[in-house]
Amino acid sequence: MLDVSHNKLRQINASSFPRNIETILMNNNQIEEIAPETFTGKESIVKVVLYGNRLRRIEMAALALTPWPDTRVLPEFYLGDNLIHCDCTMEWLQRINELAYLRQYPQVKDLDSVHCSMEHGRGEQKRPLMTMRASEFLCRYEGHCFATCHCCDFDACDCKMTCPDRCRCYHDTAWESNIVDCGSAGLSLVPAKIPMDATDIYLDGNNLGALGSHVFIGKKKLKSLYLNGSRIESLNNKTFAGIPALEVLHLEQNGLEQLSGAEFEQLRELKELYLHRNSLATIGNRSFYYQKSLEVLTIADNKLTGLKPWELFPLPSGGSEGAYRSVSLEGNGLECSCELMPKLLDWLERMFRSNGTAAGASEESSDSSEVASWGEFRCAGGKPLPDVMKECEGQRPAVVPVATATVQRTIINDDFIDYLPLLIAVLAGLVLTIMLVALVVLFRQDVCLWAHARYGVRLCKDPLSALERCEDSEKLYDGYLVYSAADADLVTSQIGQELEHHGYGMCLHYRDVHGGAGFLGDTMQSAADASRKLVLFVSVKFLQLEWSQPEFRAALQAVL
């Protein structure tokens, strides 16, 4: 046994102990480094105490043992009360006791008392090791390109990770977490080269102003987006297009004044939306219609008046529990007219009392305590909700129950019997009409095709929705025509000229689309986005030349 505790040791290595040592007590020193293979060859070792030191990083090889016989119990190590810097190289420490089957590593008995300092400077900076997720063991990077990526030498490369200027980027061991932190960086625009595989993007504390369309397009793995406190004044209907997996969106503490209703339409998987402390005066009724998974929503401390939460945040009609886990409305003016008061109180009761997010009274409590429980809410005129509730109670008329037993008898006379056949005929005709309409609706596509083919009558309207028609009207071109370079003369002089003569604005691939081979996918995508329709001129030359090129085929498939 060797007891060197309560000293000032700073590092240890293989030569620090004899080979036949069994127990080593090194607690309460200043040890910062354990050299690799320090305990290799110590075949008699039973216990090593290292708690209360200054260990920040430990290599896995530093705790390695000579292969241990199955007949012997693995040695016990104690590492508690050390603040380990848990970057992506330290994930193994959390799982070291699961490696007992290898018989080459000790059992760390006090992992529950080991704490971590975080590589990423957001959130809680000191965490218990055993509460960490694998995705939270992060390392910083400036640039990275996967071995399977074939475009690392080009700037326009989706699988190439380059950290934008004035930003800090982090990844975990498996690159399942890819955090881009551009917070408080003095940015006035969203960086153009944010890695496509980013899972968390921090843009808070900047000066972004009005956000345009598609500023985050292509970030298909993005889960959390922080835009809070960035002086954002307005959102485009397509600002969040192209990030379908987003779950958490922070927009609080900005200068937003209105939501038209389509800003979040693309975010179908959104679970948390933070909009408090803006200047919102109007919110469209369909602003949160598509967010079926939304659990947390904050719109507190805005400038909303006449707010009808039962319309903006409808709850399921069947059960008592609300669809939301948390909704904050404080600091806005609710619609508290006496006619609508029952709807408001029903919504508040189901939303807050059932979820336990507001102070509620028990069944045995008095009416006055129930009224006081809604004191945090204000009505459109600035009055507290409990005061308006009392005024409405005073205006309610007394209801006198009236019970009159009335029995009515209907006598069918001969005149009515004379009209019976006509009534049966009308009902039969009505039933047949309903069946005919149902058949037409059911097979409407076939009926439309038959009418158009036989009589030239178009019964069915263009299936584009009103929103899609509005979007199409803003497109630069009516069609984007893709063809082979060998057919350029034919397409340009005849087909394209004929279409343009009839008033169609056409984007011809080899005439109007410019860009090198490395940017083919981006240029084709931009041309397709600017056009209402995509037109393919398929010829033998097209199949032999363009379609045989992997880059061209991949770009066209991405557009389709």
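Parameters and conventions
Residues numbered from 1 in each chain as written. Predicted model: local features only at pLDDT ≥ 70, side-chain atom pairs only at ≥ 80, totals over all residues. Heavy atoms only, no water. Helix = DSSP H or I, 4+ residues; strand = E, 2+ residues; numbered from the N terminus. Buried < 20%, exposed > 50% of the residue type's maximum accessible area, 1.4 Å probe, protein only. Contact = heavy atoms within 4.5 Å. Areas by Shrake-Rupley, 256 points an atom, 1.4 Å probe, with all protein chains shown as cover. Disulfide = S-S within 2.5 Å. Bend = angle between axes of the 7 residues up to and from the residue. 1 Å grid on protein atoms, 1.4 Å probe; cavity = no way out; pocket = protein on both sides within 12 Å on 5 of 7 lines; lining within 4 Å. Points joined across faces, edges and corners; volume = space filled by probe spheres on them. Nonpolar A, V, L, I, M, F, W, Y, C, P; charged D, E, K, R; others polar. Pairing = 2+ DSSP bridges. Axes fitted to C-alpha atoms, helices over the stretch in contact; angles between N-to-C directions. UniProt positions renumbered as here; feature names shortened; annotations may be inferred. pLDDT = per-residue confidence, 0-100. Salt bridge = Lys/Arg side-chain N within 4 Å of Asp/Glu carboxyl O. Polar contact = N/O pair within 3.5 Å; in protein donor to acceptor, adjacent residues only side chain to side chain. Phe/Tyr/Trp six-rings, centres within 6.5 Å; stacked < 30°, edge-to-face > 60°. Lys NZ or Arg CZ within 6 Å of the ring centre and 35° of its normal.

A. Examining the overall build of the protein chain more closely. Scanning the protein chain for helices and strands turns up 14 helices and 30 strands. Counting over 560 residues, the protein chain shows a buried share of 39%. A separation threshold of at least 6 residues defines the contact pool for the protein chain, and within that pool the share at least 24 residues apart is 57%. Element-wise, carbon and sulfur atoms account for 53% of the exposed surface of the protein chain, whose accessible area totals about 32,000 Å².

B. Representation of the state of the cysteines in the model. Applying the stated criterion across every chain, the model contains 8 disulfides. With a sulfur-sulfur separation of 1.9 Å, C86 is cross-linked through a disulfide to C116. On the sign convention where negative is left-handed, the bridge of C86 and C116, at about -55° about the S-S bond, is left-handed. Residue C86 is found in strand 7 (residues 83–86), and its partner C116 is found in strand 9 (residues 115–118); the two are separated by 30 residues along the sequence. The burial state of C86 is the same as that of C116; both residues are buried. Covalent S-S linkage joins C88 and C139, the inter-sulfur distance amounting to 1.9 Å. Between C88 and C139 the disulfide shows an S-S torsion of about -100°. By sign, it is left-handed. In this pair, C88 sits in the loop between strand 7 and helix 1 (91–94) while C139 sits in strand 11 (residues 139–141), placing the two residues 51 residues apart along the sequence. One exposure class covers both C88 and C139, and it is buried.

C. Spatial organisation of helix 10 (residues 488–501). For helix 10, the principal kink sits at I495 and spans about 25°. Along helix 10, the residues that are buried comprise A488, V491 and G496. Looking at the buried side of helix 10, the elements it contacts are strand 28 (477–482) and strand 29 (506–508). Positive backbone phi, approximately 95°, marks G503, located one or two places after helix 10.

D. Looking closely at the layout of surface pockets. Roughly 520 Å³ of internal volume is contained in the second largest pocket. Lining the second largest pocket are 19 residues, and of these R133, E136, I179, D200 and Y202 sit closest to its centre. Secondary structure elements with two or more residues in the lining of the second largest pocket: strand 16 (200–202) and strand 18 (224–226). A breakdown of the residues in the lining of the second largest pocket according to their chemical character gives 5 nonpolar, 6 polar and 8 charged.

E. Focus on the sheet that holds strand 29. One open sheet accounts for 3 strands, arranged 29-28-30; its pairing is parallel. The sheet is open, and its two edges are formed by strand 29 and strand 30 (531–536), each paired on a single side. When strand polarity is set aside, the average angle formed by the axes of neighbouring strands in this sheet is 25°. The pairing of strand 28 with strand 30 spans 5 bridges and is parallel. Bridge pairing links G479 to K533 in strand 30.

F. Representation of the sheet that holds strand 16. Taken in spatial order, the 9 strands of this open sheet run 11-14-15-16-18-20-22-24-25, and their pairing is mixed. Edge positions in the open sheet fall to strand 11 and strand 25 (326–328), since each of these has one partner strand only. Across the sheet, the mean angle from the axis of one strand to that of its neighbour is 10°, orientation sign disregarded. Bridge analysis of strand 14 (residues 168–171) against strand 15 (residues 178–181) gives 4 bridges, and the strand direction is antiparallel.

G. Region of the structure containing the UniProt feature "transmembrane region" (unreviewed entry) in the protein chain. Residues given the UniProt feature "transmembrane region" (unreviewed entry) here are residues 419–443. Secondary structure content for residues 419–443 is 92% helix and 0% strand, while the C-alpha to C-alpha distance between its ends is 36 Å.

H. Structural detail: the confidence of the model for the protein chain. When pLDDT is averaged along the protein chain, the result is 85, and 88% of the positions lie at 70 or above. Here residues 358–372 is a poorly scored stretch, pLDDT under 50, and it has 14 contacts once near neighbours within four places are set aside; other chains count. Low confidence marks residues 398–416, where pLDDT is under 50. Its contacts with residues over four positions away, or in another chain, come to 1 contact.

I. Molecular detail of the pattern of salt bridges. The tally for this structure, following the rule as stated, stands at 15 salt bridges. Across the salt bridge formed by K383 and E391, the nearest N and O atoms sit 3.0 Å from each other. Take K383: its relative accessible area is 42%, and that puts it in the partly exposed class. Members of the salt-bridge network, linked through shared partners, are R122, R168, D181 and D204.

J. Seen up close, the side chain of E91. Inspection of the secondary structure assignment puts E91 in helix 1. Within the local environment of E91, its side chain forms a polar contact with the side chain of T173, the two groups lying 3.3 Å apart. For E91, the contacting residues outside a window of four places in its chain are A134, F137 and T173.

K. Spotlight on the pairing of strand 15. Burial along strand 15 is two-sided: the face carrying N178 and V180 and the face carrying I179 and D181 are both buried. With antiparallel pairing between neighbouring strands as the criterion, strand 14 and strand 15 make up a hairpin whose turn holds 6 residues, including W175 at a positive phi of roughly 60°. Across 3 bridges, the pairing between strand 15 and strand 16 is parallel. Counted as the bridge partner of V180 is I201 from strand 16.

L. Geometry of the packing of aromatic side chains. For the coordinates displayed, the defined rule picks out 13 aromatic pairs. Between the aromatic rings of F542 and F552, the centroid separation amounts to 6.1 Å while the plane-to-plane angle is 80°, which identifies the pairing as edge-to-face. Of this pair, F542 sits in helix 13 (residues 540–544) while F552 sits in helix 14 (residues 550–559); the two residues are 10 residues apart in sequence, bridging distant segments of the chain. Here F542 matches F552 in class, with each residue buried. Here the basic side chain of R553 rests over the ring of W547, its NZ or CZ set 5.9 Å away from the ring centre.

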